[in-house]
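Residues per chain are reported as follows:
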Amino acid sequence: MNGVRALWGSPRPSPNLVGPSALCLLTFFMFAMPGGVRGQASPPLAAPLLLPGVTGYDASIPSPEALLGGEVGTRHLRPDELVTYLRQVAAASPRVLMGEHGLTYQGRPLVHAIISSPENLTRLEEIRMANLRLSDVPQQISDGELDVMPLVAYMGYSVHGNEASGSDASSLVLHHLAAGEGPAVEEVLRNVVVILDPSINPDGRARFVEWVTGNRGRVATSDPADREHNEPWPGGRTNHYLFDLNRDWLPAAHPESRGRLELFHRWRPQLHTDFHEMGGDASFFFQPGVPSRNNPNTPLSTVELTGRVGEYHARALDRIGQLYYSREQFDDFYYGKGSTYPDVNGAVGILFEQASSRSLLAETSRGLLPYAFTVRNQFVASLSTLEAGVALRLELLANHRDQYLGASAFAQAQPVRGWVLSLEEDRTRAQALIQMLQRHRIRVHSLATEVAGPTGTFRPGEAVVVPLDQPQARLVNGIMERRTTFQDSLFYDVSTWTASLAYGVRDLEVTQDPSGLLGAPLAERVELDGGAVVGGRAEYAYLLPPHHYFSHRALHTLQSRGAQTLVATRPFQAQVQGTPHDFPRGTVVIPVKGRVETLASRPDSIHAWVAEVARLDHVRIYSVGTGLNAVEPDLGSPGVVPIHQPQVALLAGSGTNSGMVGETWHLMNERMGIPVSLLDLGSVGGADLSRYNTVVVAGSASPGAGETEALLEWVRQGGRIITLGPAVNWALRAGLLEGELRSPPELEGPVLWEDVSTRSGARTVGGTIFRVVLDSTHPVAYGYGDEVSVFRNHNTFVEPPSALGTVVGRYADAPLLSGYLHAEVESTVAGSASILARRVGRGAAIALLDNPNFRAFWYGTNGLFLNAVFFGGVL
């Protein structure tokens, strides 16, 4: 199999070359072989060929081939090899500094290189601080100052771990900038500070590389049935918890994203690249993408500049005969993507999509596709990006400055001028929302005076204000707005992500100048607080209300230590230090003198445990001295029932939705501290299900006949099964739940062939926020009021069954809160079931038709899922 070098020719050794570096050979492929044959090696050359404007390469800087032991493109480089190479180049080159910006879940370092001229690196902090002034004090930056400022370009590679060509190309880019000699390289180094992020998702890449390397012989095969070509579930696309990190720029729920965001905002680049792969039958894509699908909060000047940058990519790809497209299929709407987030932060974000070989050699409709070819194209696009950065430096710097210079005028032109957020209902969820905003340099203020509106009253000390008129105005609007009208009806990703609805935080839209509401700015980093034991040491029991975000984590900790736990199925009133307190249904009762032997031998332990979980889990726990309540039920009532520690199996593996599996796994394991067994779907029939009292079936999973029968018998014997999203289809077919599917109105003709996919796609619910009416007396709804905001991204709708008490939630008659919804589909959504639950033998089946754990930032409905896990046995 030929590497990148072979695609460009094989030079003889030269004093200016370190080994056969592929970087010296692009000229041959560009000019000697325009439109070169894919997969065909070029003949040896009599002399080394260099890039235009490059006279040679510094022999003291190791090439990727010399250090890594083989031509780039002949195998997939491991994450540790990329780190090693970066470290070695940084040690050898005065143009390169190495940095770390975090660790992955699996402990792999997240590294980056800062590359520029030695002169620029000696005054790097001065350059950085001057660059920050573009967004901090844009009114003070003249065009003359821009003239002497270097551009900052952030080049990010392979956020999807199995889209590997980007990371391998980054090693070539690093060598080119670190070792290249001549006017072309020197001009880039003089005018640009490059931040090179070689592997955004090392854990996913490691999973992918281990598979393809372990299933490949010395001679690669293009056979699509070969194991190398068939990466098993979950694939290397996602991170450790199976999240798509290219959707995590806004939520920033994961260490990879938080480290990257910190680095991004430390530098605030003007140009940002995002290197991806797509289906092998495609060609090559670069933005601007579909014009009608740009987010309206993005400045038009940024969209126009994206098109101008694209001209440089087009010319570079024209020279090598590579087919491409740039204004179709992909869009810049969702701000959680790596190509779109920069657009609203003063930069031009560029998405690249290279047809993927995945393996070393793939069969496609366009012929054989070697991996080296894909690496070559990513390298070419990297160089054209830098060429554009140099040529358009002043325009890019001015665009960055002017975006922030116009922030106030943008804010004043919007119908909503700010948002008041309540901390009263659940302080933790609200503070988590504030933390998310602060990661994006968004200013949040305390509330100075009481204010009332349609959603209730907001009081100082119990609410905060997010003004729109601030430097990050466009991003604030993009995060907080409720949008239901759109220029286009198709979206590459979701159509809405309104933060207050996602976090389940009561808010008030302020339509006038909110300056009179603004108190002092909050600290740069708000910390979670609010935990306390109210009433001191309990003589009889402790009471844990259900409305705290981490109530379930606290409950699980107490259960795991041996505390007896019960839940009140009716509201009651109890005395706390002589004062009557109302407690809702769902309040957990923890008797001080339980029946567990560990408590009998250590009677004081329970008090320490309660104090600890109150502090660590930010919950308020109340002390009572008697079980006799002022308003029944008493604490020993039949309506206060025991609840047992969940033993959870989450169906995973082939046939399951890895995204929803990962979201559930992350919530329970990483955030709630609850152990979860990932049970392979195909092994359910032979598994010892008696180990578990809860099984979760997420997404499109559909157990086979044998697995279904095993699960049915397990439920009849007392197990509880929880389905998420479209998995309700399986629950209905299996007879675990009752209900009929609702179908949206069919597309009526005549419709032109070329319009069928567009017209059908417009009827898809691909990411929309709805209002759901809850039965707040049901155990699955404990801690919630009469309504909740839910996120839905599928088209499975169920007619509510007639059996009493089985419908926990149904969509409101006017369900749309934010996002796109086709008018003809709205009637299908309205009144359909959102949450179903019923007894099955001695067990229970519960279906949450929406996605309660979406992307680890839908805090507002996590509690519904956790209620099903902890209180499903109460049905």
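Please refer to the structure placed before this passage.
To start, this report covers the structure provided alongside it.

The rules behind the values
Residues numbered from 1 in each chain as written. Predicted model: local features only at pLDDT ≥ 70, side-chain atom pairs only at ≥ 80, totals over all residues. Heavy atoms only, no water. Helix = DSSP H or I, 4+ residues; strand = E, 2+ residues; numbered from the N terminus. Buried < 20%, exposed > 50% of the residue type's maximum accessible area, 1.4 Å probe, protein only. Expected span 1.5 Å × (residues − 1). Pairing = 2+ DSSP bridges. Core = buried A, V, L, I, M, F, W, Y, C linked by side-chain atoms within 4.5 Å. Contact = heavy atoms within 4.5 Å. Salt bridge = Lys/Arg side-chain N within 4 Å of Asp/Glu carboxyl O.

## Points about unusual backbone geometry
Of all residues except glycine, most have a negative phi; of all peptide bonds, most are trans. Omega for the bond connecting Trp233 with Pro234 falls within 30 degrees of zero, at 0°, which places this linkage in the cis form. Tracing the chain through its elements places Pro234 in the loop between helix 10 (202-214) and helix 11 (255-267). Residue Pro633 is bonded to the preceding Glu632 through a cis peptide linkage, with omega at 10°. With respect to the secondary-structure elements, Pro633 resides in the loop between strand 25 (620-624) and strand 26 (640-642). A positive phi is found at Ser158, a non-glycine position, where the angle reads about 60°. Checked against the element boundaries, Ser158 lands in the loop between strand 4 (151-157) and helix 8 (165-179). Even without being a glycine, Gln329 presents a positive backbone phi close to 70°. Considering the arrangement of structural elements, one finds Gln329 in the loop between helix 12 (300-319) and strand 9 (348-355). The class of Gln329 is partly exposed, set by a relative accessible area of 45%.

## Focus on helix 14 (residues 393-405)
Along its 13 residues, helix 14 runs 18 Å from first to last C-alpha, staying within 8% of the 18 Å computed at 1.5 Å per residue. Taken together, the buried positions of helix 14 are Arg393, Leu396, Leu397, Ala398, Asn399, His400, Arg401, Gln403 and Tyr404.

## Observations regarding the pairing of strand 4
Regular strands show a simple pattern: their side chains alternate between the two faces of the sheet. Taking burial as the measure, the seven residues of strand 4 include seven buried ones, the bulk of the element. Sheet topology note: the strand 4/strand 7 (residues 271-278) ladder contains five bridges and is parallel. The partner of Met155 across the bridge, within strand 7, is Thr273.

## Here's the deal with the nonpolar core
Within the largest apolar cluster, 126 residues are counted, with the highest numbers of intra-cluster contacts made by Leu437, Ile479, Tyr503, Ile722 and Phe865. Among the elements that line this core, the one with the most residues is helix 27 (residues 859-871), at eight residues. Contacts of Phe865, omitting those with residues within four sequence positions, involve Thr664, Leu667, Met668, Val696, Ile722, Leu724, Leu848, Pro852 and Asn853.

## Notes on the pattern of salt bridges
Between side chains of opposite charge, a pair can form as their charged atoms come close. What the rule picks out here adds up to 39 salt bridges. One salt bridge in this structure joins Arg459 and Glu424, with 3.3 Å as the shortest N-O distance. Taken together, the residues Arg459 in the loop between strand 15 (456-458) and strand 16 (463-467) and Glu424 in the loop between strand 12 (418-422) and helix 16 (427-439) connect sequence positions 35 residues apart. The salt bridge involving Arg506 is made with Glu424; its shortest N-O contact spans 3.8 Å. Taken as a pair, Arg506 in the loop between helix 18 (499-503) and strand 17 (507-510) and Glu424 in the loop between strand 12 and helix 16 lie far apart in primary sequence, 82 residues in all.

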